[in-house]
Amino acid sequence: MSYFCKQAGEVQYTGSSILVFVVLVLSLAAAKDQWRTEVNIQGRALKGFTFKILLTTAPYLCDVKCEQEITCQSYNYNKENKICELNNRTKEARPENFISAPAWFYIRRLNGRVPLGSIPELPAQSCQEIKLSEGKDTVSNMYWLDESGKGNAVLDYCDMAISGRIPLSCKEIWTNKRIRLDGPYRIRVNSSAKIASVFCHMTPIPGCGDGGWTLVMKIDGHKQTFTYYAEYWNNTVAYNESAGTSLNEDETKLSSFWSTPFTRLCLGMKHPANGVTNWIALNYSASSLRDVIGDGTFRPTNLSVTEWKKLLNNSGIQDGCQMQGFNSINKGFDHGTGAKTRIGIIGSPDRCNQTMVSRIGFGSAGSFYFMDDSNSCGNELHNEVSIKAFGYIFVQ
């Protein structure tokens, strides 16, 4: 660097020297990030998370060994016996295991430490442990968790605002919590937001059993929002999500429709005449309701006709030929006007090679033999019965 002195203590730089000086300062600033900022803590050690023990002649060799192991988060070093213990946790993640150990010192890995929960080889036991390990600025995201500690790592979503794992369903919340009150809860869903507020029926439902039911849809039989032909039955577009946190009579389709696995459904219909809601349970296992309905394939169920009729008092269904299940439609004889329903039962008076003239179900249509094609949820029995109900679909 070229310069000359004007007076004692005063330096004059040339134009080229200024540039060199700036580059030097920037280089030093960048290098600062590479300097060790971790310090060893004398007389302490992290116990219970050692995955490898080595003999090394000097502490720096223990540091080298730690950096060679992808799961190494910190290490303990015994100065007297030259013992190096590599840990898969830090004292921040497990402060309760950071104990007094006079012959030892502890140090957290500096270079190349993999954040806890970021790879399947280094799963955390909880979201809280990740936040403790990585600091308060840890973002909500998908992380590898092994809650049992038995080597079964799964990729799960952690909401760092609450330092908790977001449950998959209301059933999971019901199982793990003592307080079981009906109302809105947050569950994990397959959407850009990753989480959704849904109504959870935590108390028992007559006809369905114990609580832990996740709301999927609410359907107003007077409206065409969820008619049999609606695209909502095969897409991943939610509808009026704000209405999905209560049982009020506002239609909704929640992201639980395509995100929540289940082994049972609880179906309810509120009768327009007396306001009474009747419920029935349907055993069926799937990764989501969309996976069952979305492709339009008929998938049969085996409820009795009596059970389906329990949904609405004074309902009726033709008993000559019946089809029940998901995407119930007699395709060969539908002719565009036959009874059809996304979840429910359809019937004809005599044989199955006829157009269906009655239905009880959710997501319905059909105008043949004086049925009301606009009834999207409820019961139609040719020209004898027409009940437009308000329907509820829960999964568990």
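Our structure's up above, just so we're on the same page.
These numbers come from a predicted model, not from an experiment.

Q: What is the right way to read the overall build of the chain from this model?
A: Of the regular secondary structure elements, the chain holds seven helices and 23 strands. Of the contacts formed within the chain by residues at least 6 apart in sequence, a portion of 55% connects residues at least 24 apart. Summed over all atoms, the accessible surface of the chain reaches about 18,900 Å², with 53% contributed by carbon and sulfur.

Q: Teacher, can you tell me more about a nonpolar patch on the surface here?
A: Together, Phe368, Tyr369 and Phe370 make up a nonpolar patch on the protein surface, roughly 350 Å² of accessible area in all. By the element assignment, tyrosine 369 lies in the loop between strand E20 (358-365) and strand E21 (377-381).

Q: Which parts of the structure should I look at to understand the nonpolar core?
A: Burial of nonpolar side chains together is a common tendency in soluble globular proteins. The biggest cluster of nonpolar side chains holds 35 residues, and the ones touching the most others in it are Trp233, Leu265, Leu267, Leu289, Ile343, Phe362 and Ile393. Residue contributions to this core peak at four residues, all from strand E15 (residues 262-270). Aside from chain neighbours lying at most four places away, what touches leucine 265 is Trp213, Ile280, Ala281, Leu282, Tyr284, Leu289, Phe326, Ile343, Ile393, Phe394 and Val395. Of all hydrophobic cores here, the second largest spans 22 residues; its members include Ile173, Cys200, Ile205 and Trp279.

Q: In this structure, what is going on with the sheet that holds strand E4 (residues 50-55)? I would like to understand it.
A: Backbone-to-backbone hydrogen bonds pair the strands of a sheet. The strands run either parallel or antiparallel. Spatially, five strands are ordered E3-E7-E5-E6-E4 in an open sheet, and the strand pairing comes out antiparallel. A single partner strand is all that each edge strand has here, and the edge strands are strand E3 (41-46) and E4. Averaged over neighbouring strand pairs, the angle between their axes works out to 40 degrees when direction is ignored. For strand E5 (residues 74-78) and strand E6 (residues 83-87), the ladder comprises five bridges, and the chain directions are antiparallel. Across the sheet, serine 74 pairs through a bridge with asparagine 87, a residue of E6. Sitting on the sheet, helix H2 (residues 59-67) is in contact with E4, E5, E6 and strand E7 (98-108), with an inclination near 155 degrees to E5.

Q: What is the right way to look at helix H3 (residues 127-134) in this model?
A: One turn of the α-helix equals 3.6 residues, which is why residues spaced by three or four share an orientation. Those residues of H3 that sit buried are Cys127, Glu129, Ile130 and Ser133. Looking down the long axis of H3, one finds its buried residues gathered within 155 degrees of arc, a one-sided arrangement. Buried residues along H3 sit against E7, strand E8 (141-145), strand E9 (154-159) and strand E10 (164-165). Among the residues trailing H3, glycine 135 stands out with phi positive, at a value near 105 degrees.

About the thresholds
- Residues numbered from 1 in each chain as written.
- Predicted model: local features only at pLDDT ≥ 70, side-chain atom pairs only at ≥ 80, totals over all residues.
- Heavy atoms only, no water.
- Helix = DSSP H or I, 4+ residues; strand = E, 2+ residues; numbered from the N terminus.
- Contact = heavy atoms within 4.5 Å.
- Areas by Shrake-Rupley, 256 points an atom, 1.4 Å probe, with all protein chains shown as cover.
- Patch = residues over 30% accessible without salt bridge, like charges linked within 9 Å, V, L, I, M, F, W, Y side chains within 5 Å.
- Salt bridge = Lys/Arg side-chain N within 4 Å of Asp/Glu carboxyl O.
- Core = buried A, V, L, I, M, F, W, Y, C linked by side-chain atoms within 4.5 Å.
- Buried < 20%, exposed > 50% of the residue type's maximum accessible area, 1.4 Å probe, protein only.
- Pairing = 2+ DSSP bridges.
- Axes fitted to C-alpha atoms, helices over the stretch in contact; angles between N-to-C directions.
- Arc of directions from axis to C-beta.

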